[in-house]
Amino acid sequence: MIGNKQTEVIEIIKNAFEEIMELKEEYRKLKEINEITPIFGKDALFDSMDLVYFLVTVEEKVRNKYNVSISLTDEKAMSQRNTPFKNVKTLSEYIINILEEKRE
Amino acid sequence: MNNKKVMLITGDSRGIGSFLVHYYIEKGYIVIGCSRSNVNILHNNYRHFILDISDEKAVIDMVFKIYRYYKRLDILINNAGIASMNPIILTPGETVKNIFYVNFFGTFVISREASKIMIKQRWGRIINLTTVAVPLCLEGEASYASSKSAIETFTKILAKELAPYEITCNAIGPSPIQTDLIKNIPKEKINNLINKLTIKRLCKFEDIVNVIDFFIKEESSYITGQVIYLGGV
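Thresholds, definitions, all that
- Residues numbered from 1 in each chain as written.
- Chains lettered and ligands numbered in written order.
- Predicted model: local features only at pLDDT ≥ 70, side-chain atom pairs only at ≥ 80, totals over all residues.
- Heavy atoms only, no water.
- Helix = DSSP H or I, 4+ residues; strand = E, 2+ residues; numbered from the N terminus.
- Rg over C-alpha atoms; globule rule 2.2 N^0.38 Å.
- Buried < 20%, exposed > 50% of the residue type's maximum accessible area, 1.4 Å probe, protein only.
- Contact = heavy atoms within 4.5 Å.
- Areas by Shrake-Rupley, 256 points an atom, 1.4 Å probe, with all protein chains shown as cover.
- Lys, Arg positive; Asp, Glu negative; His and termini not counted.
- Charge placed at Lys NZ, Arg CZ, Asp CG, Glu CD.
- Axes fitted to C-alpha atoms, helices over the stretch in contact; angles between N-to-C directions.
- Parallel < 35°, antiparallel > 145°, perpendicular 65-115°, else oblique.
- Left-handed = near helix turned anticlockwise from the far one by under 90°.
- Expected span 1.5 Å × (residues − 1).
- Pairing = 2+ DSSP bridges.
- Buried area = accessible area lost by both parts, 1.4 Å probe.
- Salt bridge = Lys/Arg side-chain N within 4 Å of Asp/Glu carboxyl O.
- Polar contact = N/O pair within 3.5 Å; in protein donor to acceptor, adjacent residues only side chain to side chain.
- Nonpolar A, V, L, I, M, F, W, Y, C, P; charged D, E, K, R; others polar.

Section: the overall build of chain A
Move 1: Helix and strand content of chain A: 4 helices and 0 strands.
Move 2: For chain A, the sequential pattern of α-helices and β-strands runs α-α-α-α.
Move 3: Since a compact globule built from 104 residues should have a radius of gyration of about 13 Å, the 13 Å found for chain A is in line with a globular shape.
Move 4: The principal-axis extents of the C-alpha atoms in chain A amount to approximately 40 × 25 × 25 Å.
Move 5: The proportion of buried residues among the 104 residues of chain A is 42%.
Move 6: Pairs at least 24 residues apart make up 59% of the contacts formed inside chain A by residues separated by at least 6 positions.
Move 7: Summed over its atoms, the accessible surface of chain A is roughly 6200 Å², and 47% of this surface lies on carbon and sulfur atoms.

Pasting the structure below:
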């Protein structure tokens, strides 16, 4: 089940997607962004440089929304067996975990 | 968002960093400095953070505060550094680790975090401090020069990765300058070093800002991944 917080974070991720799609025409072929839209890996849309821009954009939007600084490229993210960058849903779950940890 | 460019200078409590702070405040920049100790600079366009740049969390927190307050970061000058002058045989492993931690790791982390803001604003200038000890391969400076050598390679790779976002990254390698970093080196050794330079004198602060001014100016958008050594090395 997806809670309110997760809906908010998914919206942030979708907005970051849209921001990049505005920059590059080739990305506009992506008709819909949903929970299973891949972020990183062979089915993903972005090349590595745009992935950088995408992650920085997500971090910025989280910073603006929740007034906390998160790093999506820390050891924890990179060392997880199941990468948080698999799709929109897994990234949103990862971000919520970071936000919860920051609150404690 | 304010109209003045925001500059972050690491290691600004003394020496080159301290000179740069005063120089760029005078030039109308908003200057943010950081060092392990406090500094006595009171100016509306200056803010100081006390931190160790090898402390990753502290660096992330500082850059977050800069973003929250100024909403921009235009120029980063990675000046903070420590040195140890000893023959390899007499250098403890901990000393080497410490030098690499502050000089290389610190530069890496702060550049990574600053880049995140610069990428979004699609403009930025990153200047790293290296040393003539790298091309001269000076005896007794193995750990210091090697850490700066790592910074030079880092500068070139960072330049490539950030080029799509109109961010340039360059390095300057000063020759010996009268700062605390060389205060314990015998005069004779400094003179020997000066004799290895094409222009045989100590470096001046003005020589350094001349190159930094060149790197950060708008017209230098086509200059990236370069290392400029002073004194004709």
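Picking up where we left off.
Examining the overall build of chain B
Move 1: Helix and strand counts for chain B stand at 7 helices and 7 strands.
Move 2: Reading chain B from its N end, one meets helices and strands in the order β-α-β-β-α-β-α-β-α-α-β-α-α-β.
Move 3: Its C-alpha radius of gyration of 17 Å places chain B within 12% of the 17 Å reference for a compact globule of 233 residues.
Move 4: Expressed as lengths along the three principal axes of its C-alpha atoms, the size of chain B is roughly 50 × 35 × 35 Å.
Move 5: Sorting the 233 residues of chain B into buried and exposed places 53% on the buried side.
Move 6: Put simply, 73% of the contacts in chain B that link residues at least 6 apart link residues at least 24 apart.
Move 7: Looking at chain B as shown, the accessible area adds up to about 11000 Å², and 53% of this sits on carbon and sulfur atoms.
Move 8: Once the 28 positive and 21 negative side-chain charges of chain B are each reduced to a mean point, those two points are 2 Å apart.

Considering unusual backbone geometry
Residue and element names in this part refer to chain B.
Move 1: Of note, Cys137 is a non-glycine position whose phi angle comes to about 45°, a positive value.
Move 2: Mapping Cys137 onto the fold places it in the loop between α4 (133-136) and α5 (142-162).
Move 3: A positive phi angle, close to 60°, is found at Glu166, a residue other than glycine.
Move 4: Relative to the elements of secondary structure, Glu166 occurs in the loop between α5 and β6 (167-173).

A word on the packing of helix α1 (residues 4-23) of chain A against helix α4 (residues 88-103) of chain A
All names here are of chain A.
Move 1: Where α1 contacts α4, the two axes come as close as 9 Å, and the packing angle between them is 120°. If you check the angle between α1 and α4, you find them oblique. For the crossing formed where α1 meets α4, the hand is right-handed. Between α1 and α4, the residues in contact are Lys5, Gln6, Val9, Ile10, Ile13 and Phe17 and Val88, Lys89, Leu91, Ser92, Glu93, Ile95, Ile96, Leu99 and Glu100, respectively.

Thoughts on helix α1 (residues 15-26) of chain B
Residue and element names in this part refer to chain B.
Move 1: The first and last C-alpha atoms of α1 sit 17 Å apart over 12 residues, in line with the 16 Å expected at 1.5 Å per residue.
Move 2: Those residues of α1 that fall on the buried side of the exposure criterion are Ile16, Gly17, Ser18, Leu20, Val21, Tyr24 and Ile25.
Move 3: A positive backbone phi angle near 95° is found at Gly28, which sits one or two residues after α1.

A few points about the sheet that holds strand β5 (residues 124-129) of chain B
Residue and element names in this part refer to chain B.
Move 1: Pairing in this open sheet of 7 strands is parallel, and the strands run β3-β2-β1-β4-β5-β6-β7 from one edge to the other. Lying at the two open borders of the sheet, with one neighbouring strand each, are β3 (46-50) and β7 (227-229). Pairs of neighbouring strands in the sheet enclose a mean axial angle of 15°, with direction left out of account.
Move 2: In this sheet, β6 lies alongside β5 in parallel orientation, the contact comprising 6 bridges. Residue pairing for β6: Asn128 is matched across the bridge by Ala171.
Move 3: Taken strand by strand, helix α7 (residues 205-216) contacts β1 (6-10), β4 (75-78), β5, β6 and β7, and its axis lies near 165° from that of β6.

Structural notes on the interface of chain B and chain A
Often, the extent of an interface is quoted as the loss of accessible area upon association of its parts.
Move 1: Across the boundary between the two partners, chain B contributes 12 residues, which contact 17 residues of chain A.
Move 2: Of all residues in chain B, Phe64(B), Lys116(B) and Lys120(B) bury the most surface against chain A, accounting for 44% of the area lost on that side.
Move 3: Where chain B packs against chain A, one counts 3 salt bridges.
Move 4: Lys120(B) is the salt-bridge partner of Glu19(A), the closest N and O atoms lying 2.5 Å from each other.
Move 5: Counting across the interface, chain B meets chain A through 7 residue pairs in polar contact (both at pLDDT 80 or more).
Move 6: Among the elements of the structure, α2 (56-70) and α3 (93-121) of chain B are those that each provide at least two residues to the side of chain B that touches chain A.
Move 7: Each residue belonging to the side of chain B that touches chain A can be placed in one class, and the counts come to 6 nonpolar, no polar and 6 charged.

Points about the side chain of Asn128(B)
Residue and element names in this part refer to chain B.
Move 1: One can find Asn128 in strand β5.
Move 2: A relative accessible area of 0% means that Asn128 is categorised as buried.
Move 3: Beyond its immediate sequence surroundings of up to four residues, Asn128 is in contact with Asn78, Thr107, Ser111, Ile151, Phe154, Thr155, Cys169, Asn170, Ala171 and Ile172.

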